[in-house]
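# Structural characterization, general
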Amino acid sequence: MKNPPWEQFGARWGLSGAADDAAPVFLLAAGWRSGSTLLQRLLCSSKEVLIWGEPYGRVGLVQSLTASAMGLNAQWPTPQHLGTDEVFENLEEHWIANLYPPPEAMRAALAAPLETLFAWPAVERGFGRFGLKEVRLQAAHARFLNWIYPSARFVFLVRNPYDAWRSARGLGLMAHWSGPVMDTPAKFAGHWARLAASFQGWDNPNGLLLRYEDLRNTDLDGLAHHCRLKTINADVLRNVQTGVRREKPAALTDAEIQEIRSVAGSVAQSLGYAGPTARRQVA
């Protein structure tokens, strides 16, 4: 999304973002079973940032705030909505049916839920910086977060969707409290493709796109530098933690492979994924 409406609104009224030292780290993955928790743990090993894990994800807070911000633009609200000193001194003598708080209050109101839910609890835990790991957010949501936090750093993570579905199959995963449940290859692949394609369109150097399959060969010093961290502990990559304990998933059927390919094949191909890998990656 180029020049989203909230950025037009901000430019119109000269609104500035959070202090440069905020530098939250937003780890956005293209769906579940993508290795995002491993990367989250890796970044948290710096001891400099607390990255929350899919915090209240089914509520859709960031999505709702982004949707609300879509109503703002360069043309609306107008100066007439904001009133003048004369209006506020004699409210009863003016037409005030559409009298708005100032634009900076609107921006602060959109930022307040993020500060309350993510930033303040991190400070209470002794961390100077916060972040979040999510598997539901597209690049448009990242653009909104970047408007609120201009100093933010973004890491976008993708995994082979065939392997991710194999690992996620049967878990009853949900994108929102109202659904849908990711209970078919097509639903899962559609979610993956929307997110992965949006990540590919990110055009700001504050974002870094990684493939899970390449994570163990990633330049960790470069990753730390990108996230403005002093160091991260490579031992995390060898210390596997499993939150979902289950038997080894069965191989995908031909029908499942075809269903994923029909929905997400072109995006998958652009990222180097032609089909299931020969051996299952650890998630």
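Residues numbered from 1 in each chain as written. Predicted model: local features only at pLDDT ≥ 70, side-chain atom pairs only at ≥ 80, totals over all residues. Heavy atoms only, no water.

## Considerations on a nonpolar patch on the surface
Note the following rule: Within this analysis, patches are made of residues with over 30% relative accessible area and no salt bridge. Like charges are joined at 9 Å or less; nonpolar side chains (Val, Leu, Ile, Met, Phe, Trp, Tyr) at 5 Å or less. Where accessible areas are quoted, they stem from the Shrake-Rupley method and a 1.4 Å probe; at the residue level, only the protein chains shown are allowed to cover. Note on definitions: salt bridges are taken to be side-chain nitrogens of Lys or Arg within 4 Å of carboxyl oxygens of Asp or Glu. To qualify as a helix, a DSSP run of H or I must reach at least 4 residues; to qualify as a strand, a run of E must reach at least 2; elements of each kind are numbered from the N terminus.
Together, Phe-88, Leu-91 and Ile-96 make up a nonpolar patch on the protein surface, roughly 250 Å² of accessible area in all. With respect to the element layout, Leu-91 can be found in the loop between α5 (85-89) and α6 (103-124).

## What to know about the side chain of Glu-134
Spelled out, the test is: Two N or O atoms count as a polar contact when they lie within 3.5 Å, although within protein this holds only if one can serve as hydrogen donor and the other as acceptor, and sequence-adjacent residues are included solely when both atoms are side-chain atoms. In this analysis, two residues are considered to be in contact whenever any of their non-hydrogen atoms come within 4.5 Å of each other.
You can see Glu-134 is positioned in strand β3 (residues 129-134). At 3.1 Å, the side chain of Glu-134 forms a polar contact with the backbone nitrogen of Arg-136. Aside from chain neighbours lying at most four places away, what touches Glu-134 is Leu-27, Leu-28, Ala-29, Glu-54, Pro-55 and Gly-57.

## Some remarks on the packing of aromatic side chains
Where two aromatic rings form a pair, the distance of their centres and the angle of their planes describe that pair. Formally: Two aromatic rings, drawn from Phe, Tyr or Trp (for Trp, its six-membered ring), form a pair once their centres lie within 6.5 Å of each other, and the interplanar angle then sorts them: stacked below 30 degrees, edge-to-face above 60, tilted otherwise. The classification of residues rests on relative accessible area computed with a 1.4 Å probe and restricted to protein chains. Under 20% of the type maximum is buried, over 50% is exposed, and intermediate values are partly exposed. Only lysine NZ and arginine CZ atoms are considered, and such an atom sits over a ring when it is within 6 Å of the ring centre and within 35 degrees of the ring normal.
With the rule as written, the count across this model stands at 16 aromatic pairs. With 5.8 Å between their ring centres and 70° between their planes, Trp-76 and Tyr-100 make a pair best called edge-to-face. With Trp-76 in the loop between α3 (61-69) and α4 (79-82) and Tyr-100 in the loop between α5 and α6, this residue pair connects regions lying 24 residues apart in the sequence. Overall, Trp-76 belongs to the partly exposed group, its relative accessible area being 37%. The class for Tyr-100 is partly exposed, based on a relative accessible area of 24%. A centroid spacing of 5.5 Å and a plane angle of 55° characterise the contact between Trp-165 and Phe-188, whose relative ring orientation is tilted. Residue Trp-165 is located in helix α8 (residues 161-168), and its partner Phe-188 is located in helix α9 (residues 185-200); the two are separated by 23 residues in the primary sequence. Ring pairs connect the aromatic residues Phe-26, Phe-118, Phe-130, Tyr-149, Phe-154, Phe-156, Phe-199 and Trp-202, which therefore count as one cluster. In this structure, Arg-107 packs its charged tip against the face of Trp-147, placed 5.8 Å from the ring centre.

## Overview of helix α7 (residues 139-148)
α7 sits mainly inside the fold: nine of its ten residues count as buried. Ala-139, His-141, Ala-142, Arg-143, Phe-144, Leu-145, Asn-146, Trp-147 and Ile-148 are the residues of α7 that are buried. Against α1 (5-13), β1 (25-29), α3, α6, β4 (153-158) and α9 lie the buried residues of α7.

## What about unusual backbone geometry?
Note that the residue after Trp-76, namely Pro-77, is joined by a cis bond; omega there is 0°. Its place among the elements puts Pro-77 in the loop between α3 and α4. Across the junction of Gly-179 and Pro-180, the peptide omega takes the value 0°, indicating a cis bond. Of note in the backbone geometry, Ala-23 takes a positive phi value of approximately 40° without being a glycine. Its place among the elements puts Ala-23 in the loop between α1 and β1.

## A few points about the environment of Asn-204
The topology assignment puts Asn-204 in the loop between α9 and β5 (207-211). By relative accessible area, Asn-204 is classed as partly exposed at 31%. As for Asn-204 and Leu-271, which are separated by 67 residues in sequence, their C-alpha atoms are 19 Å apart. Looking at Asn-204, its side chain comes within polar contact range of the main-chain nitrogen of Asn-206, at 2.9 Å.

## So, the pattern of salt bridges
According to the stated counting rule, one finds eight salt bridges in the structure shown. Measuring nitrogen to oxygen at the nearest pair gives 2.7 Å for the salt bridge that ties Arg-169 to Glu-256. Taken together, the residues Arg-169 in the loop between α8 and α9 and Glu-256 in helix α11 (residues 254-270) connect sequence positions 87 residues apart. For Arg-211, the salt bridge goes to Asp-214, with nearest N and O atoms at 3.0 Å. Among the charged side chains, a network of salt bridges with common partners joins Glu-54, Lys-133, Glu-134 and Arg-136.

## Observations regarding the packing of α9 against α11
Note the cut-off: To obtain an axis, a line is fitted to C-alpha atoms, over the contacting stretch when the element is a helix, and the angle between two such axes runs from 0 to 180 degrees between their N-to-C directions. Comment on the angle field: the value is read as roughly parallel under 35 degrees, roughly antiparallel over 145, roughly perpendicular from 65 to 115, and oblique elsewhere. When residue character is reported, Ala, Val, Leu, Ile, Met, Phe, Trp, Tyr, Cys and Pro are called nonpolar, Asp, Glu, Lys and Arg charged, and the others, Gly included, polar.
Two elements in contact, α9 and α11, have axes whose closest approach is 9 Å; the angle formed by their N-to-C orientations is 0°. When the interaxial angle is binned, α9 and α11 end up roughly parallel. For the pair formed by α9 and α11, the contact residues are Pro-185, Ala-186, Ala-189, Gly-190, Trp-192, Ala-193, Ala-196, Ala-197 and Gln-200 on the first element and Glu-256, Glu-259, Ile-260, Val-263, Ala-264, Val-267, Ala-268 and Ser-270 on the second. Residue composition of the contact of α9 with α11, grouped by class: twelve nonpolar, three polar and two charged.

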